[in-house]
Amino acid sequence: PDIKDTTSGSRPMVDVALRVTCANTLEEEEQAQILAGYHCYRGLLTPHTKLYFNAIRPSQNGSSHQSGGGELSGEWAPHTYADFQGASSASPQLVLEHPRHRPPPKNRRDTVDVHTQDSEGGELFTVKKALLRPCIALTTAIRNDSAESPSPICVDVDTLTFDRVLIFLEARACGQDPPLWSLHLLEDLQRAATVLGLRPLMAYCQNRLGQLSDNLKLWRFQEVVKANNQGRSILILDGMVLDVTDWLHQHPGGSTIIPAQALNVDCGRFFEIYHASRESFLYLHDFYLGEVHPADRSMVQQGRGEYPSDDFLHQLRQYTTWRLAVSGGHSGDHLHLGRSAR
């Protein structure tokens, strides 16, 4: 900008370089409503754009300190014109007149800070909780609705790989195909998928590497019983076979209640009683292994000896349209185990 010399009235030209670190084109409330596809580093600067900055100014003892951000609405002016001519031994000083301070950020409950780990120390990512929901290992932090600012989540994933994880999650949230990353990146992505409990990313990597076996299948009931007797926690819910073994320690109700009550039975009634919110339906796809074989459906008893309500089953099936189509009523409006159609 043009800088006025308050002594002589002349207007020497001074080059000021701005490093743009954030360009929000939406108001804060609008940003909160968008899950994916919007980034603060994508924006268009115009003559009317508000610029917030951090100014480095010398202190009285000659050292530098960083001031708080302000809106660039005042005018830069030197103390003396001699500073610009180099006549003074001191470095030129620019002073912002009449600055307006940037409003402090609100404590948002819909985001969480994730700190990555790598040789450079890692970086901090502020991410929408809803975007991270498929990351089963982060369930506790995602469900934390405390008004206080939580501590950052530290994940053993390097910065560049976590950035690709976010790209994958955004594509999935937007119903788009993820990028076709080079094969040499897939090993790190597989490891990140394991650390984060992100099964869709693991399946993506395995498919790209040609290693994906057809894990979705029809399970015999005795297969489920055998797996549970060997220490796994595989559930049956309305005919779906769900593996929650690695997630038990993240279960909001504790890690013991599921093995104690819900194994080797249809857990529909338990699910309905203990999960008033239908948010839990959103996780089922990440645990899904297939369906109980039609010939074995009558062998599966109901938890507590009670069937879930028809309303619960109707809602459940609306959320699980991705299930395997099974002859006998498990495609579309599925039949419940052991119940006849009405």
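Residues numbered from 1 in each chain as written. Predicted model: local features only at pLDDT ≥ 70, side-chain atom pairs only at ≥ 80, totals over all residues. Heavy atoms only, no water.

### Section: the nonpolar core
What tends to happen in soluble globular proteins is that the nonpolar side chains get buried as a cluster.
Here is step 1: One finds Leu132, Phe162, Val165, Leu169, Leu198 and Leu201 to be the most contacted residues of the largest nonpolar core, which totals 28 residues.
Here is step 2: Among the elements of the structure, strand 8 (111-115), strand 9 (124-128), helix 4 (159-173), helix 5 (186-196) and helix 6 (199-208) are those that each provide at least two residues to this core.
Here is step 3: Dropping the residues within four chain positions of it, Val165 is found in contact with Leu189, Ala192, Leu196, Leu198 and Leu201.
Here is step 4: In this structure, Trp247, Phe270, Leu284 and Tyr288 belong to the second largest nonpolar core, which totals 23 residues. (Core = buried A, V, L, I, M, F, W, Y, C linked by side-chain atoms within 4.5 Å. Buried < 20%, exposed > 50% of the residue type's maximum accessible area, 1.4 Å probe, protein only. Helix = DSSP H or I, 4+ residues; strand = E, 2+ residues; numbered from the N terminus. Contact = heavy atoms within 4.5 Å.)

### What about the sheet that holds strand 14 (residues 288-292)?
Here is step 1: A sheet is described by the order of its strands in space; here four strands give the open sequence 11-14-13-12, paired in mixed fashion. The open sheet has two edge strands, strand 11 (217-219) and strand 12 (234-237), and neither has a second partner. Within the sheet, the average angular offset between the axes of one strand and its neighbour, ignoring direction, is 40°.
Here is step 2: Relative to strand 14, strand 13 (residues 240-243) is paired through three bridges, and the arrangement is antiparallel. Paired with Leu242 across the two strands is Tyr288, which belongs to strand 14. (Pairing = 2+ DSSP bridges. Axes fitted to C-alpha atoms, helices over the stretch in contact; angles between N-to-C directions.)

### Here we look at the packing of aromatic side chains
Here is step 1: The tally for this structure, following the rule as stated, stands at 11 aromatic pairs.
Here is step 2: Measuring from centroid to centroid gives 5.8 Å for Phe271 and Phe281, while their planes differ by 10°, and the two rings are stacked. With Phe271 in helix 9 (residues 268-274) and Phe281 in the loop between helix 9 and helix 10 (284-287), this residue pair connects regions lying 10 residues apart in the sequence.
Here is step 3: Note on Phe271: relative accessible area 11%, which makes it buried.
Here is step 4: Here the aromatic residues Phe271, Phe281, Phe312 and Tyr319 are joined through ring pairs into a cluster of three or more. (Phe/Tyr/Trp six-rings, centres within 6.5 Å; stacked < 30°, edge-to-face > 60°.)

### Re the confidence of the model for the chain
Here is step 1: Looking at the chain as a whole, the pLDDT averages 77, with 67% of positions reaching at least 70.
Here is step 2: pLDDT under 50 marks residues 1-6. Its contacts with residues more than four places away, or in other chains, come to 25 contacts.
Here is step 3: Confidence drops under a pLDDT of 50 for residues 329-342, and excluding neighbours within four residues, the segment shows 43 contacts in the predicted structure. (pLDDT = per-residue confidence, 0-100.)

### Notes on the pairing of strand 14
Here is step 1: Across the five residues that make up strand 14, a large majority, five, are buried.
Here is step 2: Pairing analysis gives three bridges linking strand 11 to strand 14, with the strands arranged parallel. In the strand pairing of strand 14, Leu218 is matched with Glu291.

### Observations concerning the environment of Trp247
Here is step 1: Assignment of secondary structure puts Trp247 in the loop between strand 13 and helix 8 (257-261).
Here is step 2: For Trp247, a relative accessible area of 11% gives the class buried.
Here is step 3: The spacing of Trp247 and Ile136 is 111 residues in sequence and 6.6 Å in space, taken between C-alpha atoms.
Here is step 4: Residues contacting Trp247, with those up to four places away along its chain left out, are Ile136, Thr139, Pro252 and Phe287.

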